[in-house]
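The primary structure of each chain is shown beneath.
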Amino acid sequence: MPEIIQKPSIAAIATPVGEGGIAVIRISGEGAIEKVTQCFRGKNLPEADTHTVHFGKIVKKDGRVVDEVLATVFRSPKSYTGEDTVEISCHGGVLVTQAVLETLLEQGIRAAEPGEFTQRAFLNGKLDLDQAEAVADLIHAKSIKAVDAAHQQLEGRLGEHIKTFRQQIIDATAMVELELDFIEEDVEFANKEQLRKLLSDLDEEIGRLLDTYETGRLVKDGVKTVFIGKPNAGKSTLLNTLVGTERAIVTDIAGTTRDTIDADWSYEGLLFKLIDTAGLRDTEDRIEAEGVKRSQKAFEQADLVVYLKDLSLPMDSAEREEIAGFQKRAANTPFLLIGTKLDLEEKKDEERLQYDLKISALEEKNIDELKKLMKQRALENKDYDTSSLLVTSSRHRDGLQKARENVKRAISALDQGMTGDFLSVDLRAALKELGTITGEITTEDLLDSIFSRFCIGK
Ligand SMILES: Nc1nc2c(ncn2[C@@H]2O[C@H](COP(=O)(O)OP(=O)(O)OP(=O)(O)O)[C@@H](O)[C@H]2O)c(=O)[nH]1
Ligand SMILES: [Mg+2]
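The model shown is predicted, which means the values in this text are computed figures rather than measured ones. Chains are numbered independently. Their residues run from 1 in the order of the written sequence. By the order in which they are written, chains take letters starting at A while ligands take numbers starting at 1. Local features in this predicted model are restricted to residues of pLDDT 70 or higher, and side-chain atom pairs are both shown and tallied only at a pLDDT of 80 or more, whereas totals for entire chains, interfaces and linings draw on every residue.

Draft legend 1. Region of the structure containing the overall build of the protein chain. Working definition: helices are DSSP H or I runs of at least four residues, strands are E runs of at least two. Numbering for both runs from the N terminus. Across its full length, the protein chain carries 15 helices and 13 strands. In this description the radius of gyration comes from C-alpha coordinates, and the expected globular size is given by 2.2 Å times residues to the power 0.38. By the compact-globule yardstick of 23 Å for 458 residues, the protein chain is too spread out, its C-alpha radius of gyration being 29 Å. With the C-alpha coordinates of the protein chain rotated into their principal frame, the extents come out at 85 × 85 × 35 Å. Per-residue burial for the protein chain yields a buried fraction of 39% across its 458 residues. Within the protein chain, counting contacts between residues at least 6 apart in sequence, those at least 24 apart form 66% of the total. Counts of 20 or more other C-beta atoms within 10 Å of a residue's own C-beta define buried residues, counts of 12 or fewer define exposed ones, and intermediate counts define partly exposed ones; C-beta atoms are placed from the backbone. What counts as a contact is two residues whose backbone-derived C-beta atoms lie within 7 Å of each other.

Draft legend 2. Local environment of the site of ligand 1. What makes a residue near a molecule or strand is its C-beta atom, placed from the backbone, lying within 6 Å of it. In the region of ligand 1, 24 residues are neighbours, and G234, S236, T237, T257 and G279 sit closest. Residue contributions to the shell around ligand 1 peak at 3 residues, all from helix α9 (residues 235-243). Taken together, the residues of the shell around ligand 1 break down into 8 nonpolar, 12 polar and 4 charged. Each residue receives one of three labels: charged for Asp, Glu, Lys and Arg, nonpolar for Ala, Val, Leu, Ile, Met, Phe, Trp, Tyr, Cys and Pro, and polar for the others, Gly being one of them.

Draft legend 3. Structural view of the sheet that holds strand β7 (residues 110-111). Reading across from one edge, β3-β4-β5-β6-β2-β1-β7 is the order of the 7 strands in this open sheet, with mixed pairing throughout. The two strands at the open ends of the sheet, each matched to only one other strand, are β3 (40-42) and β7. By the convention used here, strands pair only if DSSP detects at least 2 bridges between them. Pairing of strand β4 (residues 52-59) with strand β5 (residues 65-74), which is carried by 8 bridges, proceeds in the antiparallel orientation. Paired with V53 across the bridge in β5 is T72.

Draft legend 4. The arrangement of the packing of helix α5 (residues 144-154) against helix α8 (residues 213-221) in detail. In the contact formed by α5 and α8, the axes pass within 7 Å of each other and the chain directions differ by 120 degrees. The orientation of α5 with respect to α8, classified from their angle, is oblique. For the pair α5 and α8, the sense of crossing is left-handed. On the side of α5, the interface is formed by K145, A146 and A149, while α8 contributes G216, V219 and K220. Partitioned by chemical class, the residues of the contact of α5 with α8 number 3 nonpolar, 1 polar and 2 charged. For helices, the fitted axis covers only the stretch in contact; all axes are lines through C-alpha atoms, and the angles between them, taken along N-to-C directions, range from 0 to 180 degrees. Should an angle fall under 35 degrees it is taken as roughly parallel, and over 145 as roughly antiparallel, whereas 65 to 115 is taken as roughly perpendicular and any remaining angle as oblique. In a left-handed crossing the near helix is turned counterclockwise from the far helix by less than a right angle, and in a right-handed crossing that turn is clockwise.

Draft legend 5. Geometry of the pairing of strand β1 (residues 10-13). Of the two faces of β1, both are covered, the one formed by I10 and A12 as well as the one formed by A11 and I13. Bridging between β1 and strand β2 (residues 20-28) involves 4 bridges; their strand directions are antiparallel. Residue pairing across strands places I10 opposite S28, the latter belonging to β2. Taking the residues that link successive antiparallel strands as the turn, the β1-β2 hairpin has 6 residues, and the phi of G18 there is positive, at about 150 degrees. Sheet topology places β1 next to β7; 2 bridges connect them, and they run parallel. Looking across to β7, one finds that A11 is bridged to A111.

Draft legend 6. Structural detail: the domain arrangement of the protein chain. Either an automatic procedure or a domain database provided the assignment from which the domain bounds are taken. Annotation of the protein chain at the domain level lists domain 1 (10-128), domain 2 (137-212 + 390-438) and domain 3 (218-378). Relative to domain 3, the C-alpha centre of domain 2 lies at a distance of 43 Å. Between domain 2 and domain 3, the contact holds 9 residues from the first and 8 residues from the second. Of the residues forming the side of domain 2 that touches domain 3, the biggest block, 4 residues, is contributed by α5. Across the side of domain 2 that touches domain 3, the residue classes tally to 4 nonpolar, 2 polar and 3 charged.

Draft legend 7. Representation of the environment of I169 in the model. Turning to its location among the elements, I169 is positioned in helix α6 (residues 157-181). The class of I169 is buried, set by 24 C-beta atoms lying within 10 Å. In sequence terms I169 and L199 are 30 residues apart; their C-alpha atoms lie 7.8 Å from each other. Residues in contact with I169, not counting those within four places in the same chain, are L427, A430 and L431.

Draft legend 8. Fine view of the environment of V250. Within the secondary structure, V250 sits in the loop between α9 and β9 (261-267). Note: C-alpha distance between V250 and L238 (12 residues apart in sequence) is 9.9 Å.

Draft legend 9. Unusual backbone geometry, seen in detail. Residue P77 is bonded to the preceding S76 through a cis peptide linkage, with omega at 5 degrees. Position of P77 among the secondary structure elements: in the loop between β5 and β6 (85-92). Notably, H51 is not glycine yet its phi reads approximately 60 degrees, a positive angle. In this structure, H51 sits in the loop between β3 and β4. Here H51 falls in the exposed class, since 11 other C-beta atoms lie within 10 Å of it.

See the structure below:
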């Protein structure tokens, strides 16, 4: 663990802006406790033990009371940031909270940047970089499964895997370097087989972790689900049925939906980002035509495509071709063909298209089945066990991928009988890539881009 470095004190409101019972202001850094005491009337905080709470008043220099508060003292290194920290719980009004913060800033404390507390925690070795990212994921999580995945990462599960991989590479490097020492004496790899097994096991293990990314991404970001079909097929009605509100306008006029409409919907802990689109047809109407273009674009970005077909209308060859075209274009995207308006008389379809399910949104028929099917199809062939670790970030995936490529390169160098110095280069590169995930290796730009995603006060 690196030595704790206490930087100049910073302060920020850690709770959301708005009215509430209480708000929390966090102050961290060198001299934080002493600086807070300058405007705190109550216990002499520099004498307080760590992890103790004290009632008092925040007062201006002229003695005016700003608020009655509770101050919690955390002494370095036993705090979130590793620095001396005070958390002030004040009354949760927007203006009161702001006034308390301003009073603190008058004591020579600087306003914190977004993510600055967590960045300090990382720099002081309190969290690995992937754990720091998990804090942001946890705050932004929009479904229970996303919360679970962030917790796994916050607990350091990803970091543990990475550390194991790194150790394996270090072991392999040691074997290679042993050979390098004897190169003059023309010693063959005494343990070439052992080295090869070590590297191919590693390749496989990294691969297995990488395979969880597709699921991880869906769990974290939600399943982008696009409803497409002809005008009046019942797309907006289905969206409203699933989310349980009249989110989209529904009328019997073909071409009601003009723009794409998004709604978040959770099912069994999994977030679906539903996108209702303008019905597909050739149209002279410029607004509707733009809507149809947007439908196509939404289709291209979908994680799950749901094509809706009104069963009460005949299926013509143009629509059949359209469906086939979508199915072909969505070759790598799960696709559901759903018949709608099952409550009406069904028009015979001579060619008998294979529907995945027939529903009636109006009579709520097969809606539960549809929900199950959507989840099943979205996660098809994907490992969906959130008790196991999921890679949820593209940054982590990239690091793992590059590390794996270097491991593979080392394996083929070994197979081609190359000398150890070639292998060493690849192994060292793999090590470096893994280090970027946990933050052993970072750049200022990387840290900036990660921590700027945080909210102020975190
Ligand atoms: N009988 C019956 N009517 C339905 C059902 N679902 C939708 N409708 C009706 O079909 C009409 C069109 O529904 P919408 O949901 O607006 O259809 P859409 O696909 O969004 O249409 P556009 O926005 O024009 O592309 C409305 O009058 C709905 O009430 C259903 O399950 N049964
Ligand atoms: Mg609509």
